[in-house]
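# Chain and residue survey
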Amino acid sequence: MESVTNQEISPVCFGMHTSKTRFYSDPQRGLMTQSLIKPVGRMFYLQRCGATLDAAFAGAFSHPACHTAPARVFGSDIFLHVSGGWHDAGDYGRYVVPACKAVADLLLAFRAAPEAFGDDWDILESGNGVADVLDEVRFELEWLIKMQRDDGGVYHKVTCAYFPDITANPQDETAELYIFPVSTAATGDFSAVMAMAAPLYESIDRTFAKKCLRASVNAYEFLKHTKPLPFHNPSGVITGEYGDESDADERYFAACALYQATGQSYYLADAAALYQGGRSSDFGWADMGGYGNAVLYFGPRACEDDFLAGRIRADLLSTAERICELTEKSPLGISITEFLWGSNMYLLNHTMTLLLANDAQENERYLSAARAHLAYILGNNPLGVNFITGAAESSPRQPHHRPSAAAGRAMPGMLVGGPNEGLHDLAAKTLLAGKPASERYIDSVESYSTNETAIYWNSVLLYVLARMSKLDA
Ligand SMILES: [Zn+2]
């Protein structure tokens, strides 16, 4: 993922699509939602790193295995093999923290709506009898396991020091790869998603499930005797930082997930102790407390701490009420009141909260707001843009995404960041200043602050699509 200060850009390529898209009527809604699940899910396959993507599956986005050279542990002469995983966004970095948000979204989606996920995504593993979303997540989990040190700590990221040219294919990025230091946010997230995964893979591959659980426990024990280790990019490194000063929410998430996976009261006691500091109700890569709540409250194992379960439920419902109030007051029919970088993700994170709240206590008001949010993403917004590539005539055609720029066409099924009032890149500064916040979006390859894509934006979109396809079927 690009950041505010890391790119010199020129103001070219400004193909804006402003045709208004009328939102579809009710009978069509479920079908359209369902039809998007496959392309949005396939995006993860097309983002695979370290593997050959055959033209039979990847078409214009096929490539030989990329980023397979051993990576240098930053500041040392140690080299490790850490190939695999998904490219994060419009760049080719692989970052543990946002990767874990993506995995958490996909596993929660599968758990909540397994019937939405087929074995027919036209990926390498299609037809193997396992839902393709689980095959895809396993590809990421196998990489994550390589990012764990023997002592349980998990490296924060593996990237080059800088970004390649915007038209570079994956295999063209051959600069030295670095593995950056262990962070406790990465270690907590890792422990949590490995614990989430273990029960889901138990019936598919028991050996793999055990490996996930062992890795989770090792990471957790590392956290137990380690003070917060925040990550900051070393001088001269400009790839995404994904820095997080607070790891309380990641520790809480891990405790919740390990309680669900093992039933051990040790983890539940930790979750209860960590709740106050780590309970953030959001689903952002830096705010993972919402995942802890979701895993603990809605997991197959009943939470034996009634007081904790009650607090989670009350917090969830009050957050959903606030989201509904904002949605109902908004002339745009959405709950976000400011348009930050990746505004589409914030809106979909709110949608996820609404859907979980509806699981806790059915309420048509929650569903109505959730439908309005998805309608906004699909074109019912001031720009009339469907923010998913390839989904409609109005969809972005020039995302800030290297494989798309190299192929000369947008990889389908990708959610772009959307309006960003901050004018964080030159294209936005040049062409969007003076526009209302909700219209500060441009379909330009140069606009990394409004038109980039990311695995952890697609993942929450897939969660919402899978849940809504079931509700509107
Ligand atoms: Zn790669």
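Attention in this report is confined to the structure presented alongside it. All figures in this text were calculated on a predicted structure; none of them were measured in a lab. (Residues numbered from 1 in each chain as written. Predicted model: local features only at pLDDT ≥ 70, side-chain atom pairs only at ≥ 80, totals over all residues. Heavy atoms only, no water.)

## Some thoughts on the packing of helix H11 (residues 343–360) against helix H15 (residues 455–471)
What counts is decided by this rule: Convention adopted: a line fitted to C-alpha atoms gives each axis, helices being fitted over their contacting stretch, and angles between N-to-C directions are expressed from 0 to 180 degrees. Labels follow the DSSP assignment, with helices taken as runs of H or I lasting at least four residues and strands as runs of E lasting at least two, numbered in each case from the N terminus. The cut-offs work like this: below 35 degrees is roughly parallel, past 145 is roughly antiparallel, 65 to 115 is roughly perpendicular, and the gaps in between are oblique. Should the near helix be turned anticlockwise from the far one by less than a right angle, the crossing is left-handed, and should it be turned clockwise, the crossing is right-handed. Throughout, a residue-residue contact means that at least one pair of heavy atoms, one from each residue, lies within 4.5 Å. Ten residues, namely Ala, Val, Leu, Ile, Met, Phe, Trp, Tyr, Cys and Pro, are considered nonpolar, four, namely Asp, Glu, Lys and Arg, are considered charged, and the remaining ones, Gly among them, are considered polar.
Direction vectors running N to C along H11 and H15 enclose 40°, while the axes themselves pass 9 Å from each other. As judged from the angle between their axes, H11 and H15 are oblique. In the packing of H11 onto H15, the handedness of the crossing is left-handed. Contacts between H11 and H15 involve Met345, Leu348, Asn349, Thr351, Met352, Leu355, Leu356 and Asp359 from the first element and Tyr456, Trp457, Val460, Leu461, Tyr463, Val464, Arg467, Met468 and Leu471 from the second. When grouped by side-chain class, the residues that make up the contact of H11 with H15 number 13 nonpolar, 2 polar and 2 charged.

## What about the packing of aromatic side chains?
What counts here: Any pair of Phe, Tyr and Trp rings, taking the six-membered ring for Trp, is counted once the centres come within 6.5 Å. Such a pair is stacked with planes under 30 degrees apart, edge-to-face with planes over 60 apart, and tilted for the rest. Burial status follows relative accessibility: with a 1.4 Å probe on protein chains alone, a residue under 20% of its type maximum counts as buried, one over 50% as exposed, and anything between as partly exposed. In this scheme, the term charge over a ring applies when either NZ of a lysine or CZ of an arginine sits within 6 Å of the ring centre and within 35 degrees of the ring normal.
Using the criterion set out here, one finds 23 aromatic pairs in the structure. Plain terms: the ring middles of Tyr376 and Phe387 are 6.0 Å apart, the flat faces sit at 35° to each other, and that makes the pair tilted. Of this pair, Tyr376 sits in helix H12 (residues 364–377) while Phe387 sits in the loop between H12 and helix H13 (402–407), and the two are 11 residues apart along the sequence. Just as Tyr376 is buried, Phe387 falls in that class too. Taken together through their ring pairs, the aromatic side chains of Tyr95, Tyr242, Trp285, Tyr456 and Trp457 make up a single cluster. Taking NZ or CZ as reference, Arg48 lies 4.4 Å from the ring centre of Phe139, over its face. Over the face of the ring belonging to Phe208 we find Arg138, whose NZ or CZ atom lies 4.0 Å from the ring centre.

## A short note on the state of the cysteines
Just so we agree on the cut-off: In this description, the term disulfide denotes a pair of cysteine sulfurs within 2.5 Å.
Per the stated rule, a full pass over the model turns up 0 disulfides. Cysteine Cys303 shares no disulfide, and the gap to the nearest cysteine sulfur, in Cys256, comes to 8.1 Å.

## Looking at the coordination of the zinc ion
Heads up, the rule is: Donor criterion used throughout: N, O or S atom within 2.8 Å of the metal, extended to 3.2 Å for Na, K and Ca. Water excluded; incomplete-looking sites may result. Geometry assignment treats four donors as tetrahedral when all angles are between 85 and 135 degrees, treats four as square planar and six as octahedral when opposite donors are over 155 degrees apart and all others between 65 and 115, and treats everything else as irregular.
Coordination of the zinc ion by the protein comes from Cys49 (SG), Cys66 (SG), His67 (ND1) and His87 (NE2), over a distance range of 2.0 to 2.3 Å. Classification of the site at the zinc ion rests on its 4 donor atoms, whose angles at the metal span 98 to 119°, yielding the label tetrahedral. Mapped onto the sequence, the residues coordinating the zinc ion show the spacing C-x16-C-H-x19-H. The pair Cys66 / His67 is uniform in exposure class, with both members buried.

## Topic: the side chain of Thr187
Within the secondary structure, Thr187 sits in helix H5 (residues 184–201). Overall, Thr187 belongs to the buried group, its relative accessible area being 0%. Not counting chain neighbours up to four residues away, the residues in contact with Thr187 comprise Gly152, Gly153, Val154, Val182, Ala219, Phe222 and Leu223.

## Remarks on unusual backbone geometry
Residues apart from glycine generally show negative phi values, whereas peptide bonds are mostly found in trans. You will see that Asp122, though not glycine, has its phi angle at about 60°, which is positive. In this fold, Asp122 is placed in the loop between helix H3 (96–112) and helix H4 (132–146). With a phi close to 50°, Leu423 is a non-glycine residue in the positive phi region. Positionally, Leu423 belongs in the loop between H13 and helix H14 (426–432).

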